[in-house]
Amino acid sequence: MKRRDFFELSFLAGAGTMLFPGCLVQKNLNIPSFMKDYKDLFVSDPRKATTEWFRNARYGMFIHYGLYSSMGMGEWVQYNKKIHVADYAKLKDQFTAEKFDADFITDLALEAGMKYINITTRHHDSFCLWDTKFSDFKSTNSPAKRDLVAELSEQCNKKGLALFLYYSHGRDWRYPHAPNNDHWGGSARPKYSTKEPFYKYGNQHHLDLYIEFMYNQINELLTNYSPIAGIWLDGIATPLSGDFSVFKCQNLYDMIHSKQPQVLVSYKQGLLGTEDFLAPEHKYDAGKKPKVPLELCNHLQKKGWGYTKSEDGNHKTEKDVIEMLKKANSYPANLLLNTGPLPSGEIHPEDVSVLRAVGKRIKNEGWDNILKA
């Protein structure tokens, strides 16, 4: 098969459609709208084009939203409070997302001067924000009855924003065959005082089933939503605590790249060394020279990623965000700045105010002046 034919078939295969919404069409090749300045390079090498776009993107929005938001104690509440699987699952019946507004979120990102959005499609609790066929623990099976990933994908495509999909890979606190604490570290499971009946143990536990489950879900995300700019994997501490080769990550990376050739893959600070960019939290060893683009993630709450009620009134300021942008630029790196929506899905008013203020400065003063001021 010719290289060009491969790209055409890759883009036109999948869920049955497919001229991507929000894409430019050039010689039968669908070019994502966020790549409009890289059209020529995209035609010859989609992933290289996305990489060059990413190096220049500078600033993106991270969104941590899920069942944990309703408890107002951060995204690790199931682990920290040692909430058993059946009890935690009851939160699904309270999940309405009535104020999750993808139109507003994407407008806010643009107003803030951001180029992309990354949303937690499935965090460590295994609750999915899309209509997956591989689990019933999902937003479409809650009172919300909505596919939030689809809604955000539609708005990003419409407005020229790139969409990255966060996915918890190494760590899962629900799936029966995910890594257990008996063989894995990195907070693989909550440290319950009694045995969790939902989990499988001993010769009844088969890690390969979990690996297959993840592969199928990520394949599904890339089939259902396009174009995607990146898959952002999390939970690296668990595979790093043992023989991570059993997770077959290169097979996963290869599938991702074959499914949508422009997609970049990251796994935090890097697991295999074949990731397309590195995405550590807060900082990176300044003495190291990464061979691939770098992104630092940080949060607008003073502490934590998912909504934490005790942080109300204690979010970071315009000045704090400017300093984070300067720090990221010094590496150089992008800043992926997190907001944890309220239980309703509404973006926290403190974050809205700060993001708009920073965006106004970027627009009025320009990036060069902002970064050296």
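Coordinates for the structure precede this section.
All figures in this text were calculated on a predicted structure; none of them were measured in a lab. (Residues numbered from 1 in each chain as written. Predicted model: local features only at pLDDT ≥ 70, side-chain atom pairs only at ≥ 80, totals over all residues. Heavy atoms only, no water.)

## Structural notes on the overall build of the chain
Logical step 1: Secondary structure summary: the chain contains 13 helices and nine strands in total.
Logical step 2: For a compact globule of 373 residues, the expected C-alpha radius of gyration is about 21 Å, and the chain comes in at 20 Å, within 12% of that figure.
Logical step 3: For the C-alpha atoms alone, the extent of the chain along its principal axes is close to 55 × 55 × 45 Å.
Logical step 4: Residues classed as buried in the chain amount to 57% of the 373 residues present.
Logical step 5: A separation of at least 24 residues holds for 69% of the contacts in the chain among residues at least 6 apart in sequence.
Logical step 6: A total accessible area of about 15700 Å² is found for the chain, and carbon and sulfur atoms account for 49% of it.
Logical step 7: Taking the 48 positively charged and 44 negatively charged side chains of the chain as two groups, their mean positions are separated by 3 Å. (Helix = DSSP H or I, 4+ residues; strand = E, 2+ residues; numbered from the N terminus. Rg over C-alpha atoms; globule rule 2.2 N^0.38 Å. Buried < 20%, exposed > 50% of the residue type's maximum accessible area, 1.4 Å probe, protein only. Contact = heavy atoms within 4.5 Å. Areas by Shrake-Rupley, 256 points an atom, 1.4 Å probe, with all protein chains shown as cover. Lys, Arg positive; Asp, Glu negative; His and termini not counted. Charge placed at Lys NZ, Arg CZ, Asp CG, Glu CD.)

## Details of the pattern of salt bridges
Logical step 1: By the definition in use, this model includes 15 salt bridges.
Logical step 2: Among the ionic pairs, Arg-47 bridges to Asp-276, the shortest N-O distance being 3.0 Å. In this pair, Arg-47 sits in helix 3 (residues 46-55) while Asp-276 sits in the loop between strand 7 (264-267) and strand 8 (295-299), placing the two residues 229 residues apart along the sequence.
Logical step 3: Glu-151 is the partner of Arg-146 in a salt bridge, and the nearest nitrogen-oxygen pair spans 2.7 Å.
Logical step 4: Classification of Arg-146 as partly exposed rests on a relative accessible area of 21%.
Logical step 5: Each of the salt bridges in this network shares a partner with another, and the network as a whole consists of Asp-103, Asp-107 and Lys-159. (Salt bridge = Lys/Arg side-chain N within 4 Å of Asp/Glu carboxyl O.)

## A few points about helix 6 (residues 102-111)
Logical step 1: Looking only at helix 6, the buried set comprises Ala-102, Ile-105, Thr-106, Leu-108 and Ala-109. One side of helix 6 holds all its buried residues, which, seen down the axis, span an arc of 155°.
Logical step 2: The inward-facing, buried residues of helix 6 abut strand 3 (59-63), strand 4 (116-122), helix 7 (148-159) and helix 12 (349-365).
Logical step 3: Residue Asp-101 occupies the N-cap position of helix 6, its side-chain oxygen lying 3.0 Å from the main-chain nitrogen of Asp-103.
Logical step 4: Positive backbone phi, approximately 90°, marks Gly-113, located one or two places after helix 6. (Arc of directions from axis to C-beta. Polar contact = N/O pair within 3.5 Å; in protein donor to acceptor, adjacent residues only side chain to side chain.)

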